[in-house]
Amino acid sequence: MSGAGEYDIAVVGGGMVGASFALGAARAGLRVALLERAEPALEWPEGSHDLRVSALTRASQRILENLGVWTRMRELGITPYEHMRVWERRGIGEIAFDADEIGEPDLGHIVENRVIVAALWRALAAQDGVTPLFGRTIEALETGAQGASLGFADGESLRAALLVGADGARSRLRELAGIGLSARDYDQHALVATVRAEQGNGATAWQRFMPGGPLALLPLRRDLFSIVWSADPAQAADLRQAAPEAFEERLTRASEGVRGRLRLQGGRAVFPLRLQHANHYVQPGLALLGDAAHVIHPLAGQGVNLGLLDAAALLDVLQQARANSQSPGSLAVLRRYERARKGHNLAVQLAMDGFKHLFGNPNPLLALGRNLGMGLAGRIGPLRRQFERVALGQGMELPPLARPGAAGDC
Ligand SMILES: Cc1cc2nc3c(=O)[nH]c(=O)nc-3n(C[C@H](O)[C@H](O)[C@H](O)COP(=O)(O)OP(=O)(O)OC[C@H]3O[C@@H](n4cnc5c(N)ncnc54)[C@H](O)[C@@H]3O)c2cc1C
């Protein structure tokens, strides 16, 4: 075996999920190769915005704290939000979530994706046992319980006891491994942009359900919001191309003026939305994490939260395997990871899918039911608190890395 070497674990994809997993594995003393297309940005111009942001649950916060990167993220910029308002039409039905009602300082944090990635990669650079490999084109994959190998276009290769595919929705590893997918286009695109709100953001995340798709206003520093506006592809393209003033007008109207006039700050981008779930997360010598395994509608901002829980669960399973002298690539070991995560991911995916269909349906009876339901859910404390626990990533068996004060090693 020549070239890129031998490792305990090789992770393909150094995004939020892959970089978290790689850091956890290296901190546990494993030799890790981390493959990424290009070196991630560790800094950026003052005042610039990342159009991609994530609403992180408390469970994700714990994982990132236990990995030792939360403090750096805080320095780079994270925004706690204390309230959430979900509504369809003003004055009819609204669900209000408030942190103080559940004795929490906040309901979660909105963080630019570049902040999470930069904090992780800075920690990786200071961590023993991590070899970053950039710009490799993967051409071949061989997997087996005793280990797996990757062949690159330049003729080099790499061998590891376990290969981890965290290479996103269009995972090359998943494809080369021949793992099939259940997938469906939502026939919706998400338009993202950063806007300044005339009345500030009120430390509140807002989500309005409209027939064409949900509009989310996620609070960023000071008076900024990151918006995610899901709409049919033609409308999303139209919104992206509209003159800035016309766009602001339409956005302010769509938000029903909840924070006054909204003004565009910089560019707009559009992402096609798709529901996707891998038929298997594992095969001997290989495991899939994050979007490589499952892609869900962003309406409840759960994608990366599920991916971080995947990473924490796989680290936990590998720790148990090591304690029992089992090979990390053995199917019996990897199935424990799949069993721990697939059911939960599927349940969240189906719930988001159900929400999307319920709220996307213009049938007046359904609309009436929705508004009554929202009004009711908004008034019944216990039901509302259940929603809040979901937002906080509570109410499920959490892997050790997602619990408060875990040592952060596996
Ligand atoms: C509009 C929108 C809004 C969203 N909002 C939220 C939210 O608020 N909260 C939330 O939890 N989720 C949200 N999501 C979902 C979230 O962005 C994804 O779930 C998350 O990015 C998945 O992380 P990942 O690391 O698995 O994959 P990715 O972020 O896709 O990272 C994959 C990485 O692998 C690298 N890669 C790919 N192929 C290769 C290769 N062959 N070799 C080397 N490297 C490779 C890529 O460069 C990339 O860095 C949103 C999604 C969208 C579209």
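Our subject is the structure listed above.
Fair warning: this is a prediction, and the values are worked out from it, not measured in the lab.

Cut-offs and rules
Residues numbered from 1 in each chain as written. Predicted model: local features only at pLDDT ≥ 70, side-chain atom pairs only at ≥ 80, totals over all residues. Heavy atoms only, no water. Helix = DSSP H or I, 4+ residues; strand = E, 2+ residues; numbered from the N terminus. Buried < 20%, exposed > 50% of the residue type's maximum accessible area, 1.4 Å probe, protein only. Pairing = 2+ DSSP bridges. Contact = heavy atoms within 4.5 Å. Axes fitted to C-alpha atoms, helices over the stretch in contact; angles between N-to-C directions. Near = heavy atom within 4 Å. Polar contact = N/O pair within 3.5 Å; in protein donor to acceptor, adjacent residues only side chain to side chain. Salt bridge = Lys/Arg side-chain N within 4 Å of Asp/Glu carboxyl O.

Caption draft 1: Geometry of unusual backbone geometry. Not every positive phi belongs to a glycine, and Arg222 is a case in point at roughly 50 degrees. Structurally, Arg222 can be placed in the loop between β14 (213-219) and β15 (224-231). Exposure remark for Arg222: the relative accessible area of 66% places this residue in the exposed category. Backbone geometry at Ser325 places phi at a positive 55 degrees, although glycine is not the residue there. If you trace the backbone, Ser325 turns up in the loop between α8 (303-323) and α9 (331-360).

Caption draft 2: Spatial organisation of the sheet that holds strand β13 (residues 204-210). If you trace the 8 strands from one edge of the open sheet to the other, you get β6-β5-β13-β14-β15-β12-β16-β19, paired in mixed fashion. Looking at strand neighbours, the two that pair on one side only are β6 (94-98) and β19 (294-295), the edges of this open sheet. Pairing of β13 with β14 involves 5 bridges; the strand directions are antiparallel. Residue pairing in the sheet places Phe209 in a bridge with Pro214 of β14. The strands touched by helix α6 (residues 233-241) within the sheet are β12 (181-197), β15 and β16 (262-278), with β12 carrying the most contacts at an inclination of about 25 degrees.

Caption draft 3: Broad picture of the site of the ligand. The ligand sits among 26 residues. The nearest are Glu36, Arg52, Ala55, Asp291 and Val304. Contact distances for the ligand include 2.5 Å between an oxygen atom and a side-chain N or O atom of Glu36. Here an oxygen atom of the ligand sits 3.2 Å away from a polar atom, N or O, in the side chain of Asn305. When contributions to the shell around the ligand are tallied by element, the ones reaching two or more residues are α1 (16-27), β2 (32-36), β3 (53-56), β12 and α8.

Caption draft 4: Region of the structure containing the pattern of salt bridges. Under the criterion given, the structure shown has 20 salt bridges. For Arg114, the salt bridge identified is with Glu112, shortest N-O distance 3.3 Å. No difference in accessibility class separates Arg114 from Glu112, as the two residues are buried. We note a salt bridge from Arg136 to Asp154, for which the minimum N-O separation is 3.5 Å. Separated by 18 residues along the polypeptide, Arg136 in the loop between β8 (130-134) and β9 (138-144) and Asp154 in the loop between β10 (147-152) and β11 (157-165) bring together distant segments of the chain.

Caption draft 5: Geometry of helix α2 (residues 58-66). Buried residues dominate α2, accounting for 7 of its 9 residues. Along α2, the residues that are buried comprise Arg58, Ala59, Ser60, Gln61, Ile63, Leu64 and Asn66. Of the residues flanking the end of α2, it is Gly68, one or two places downstream, whose phi is positive at about 80 degrees.

Such coordinate-based values are descriptive only and should not be taken to indicate function.
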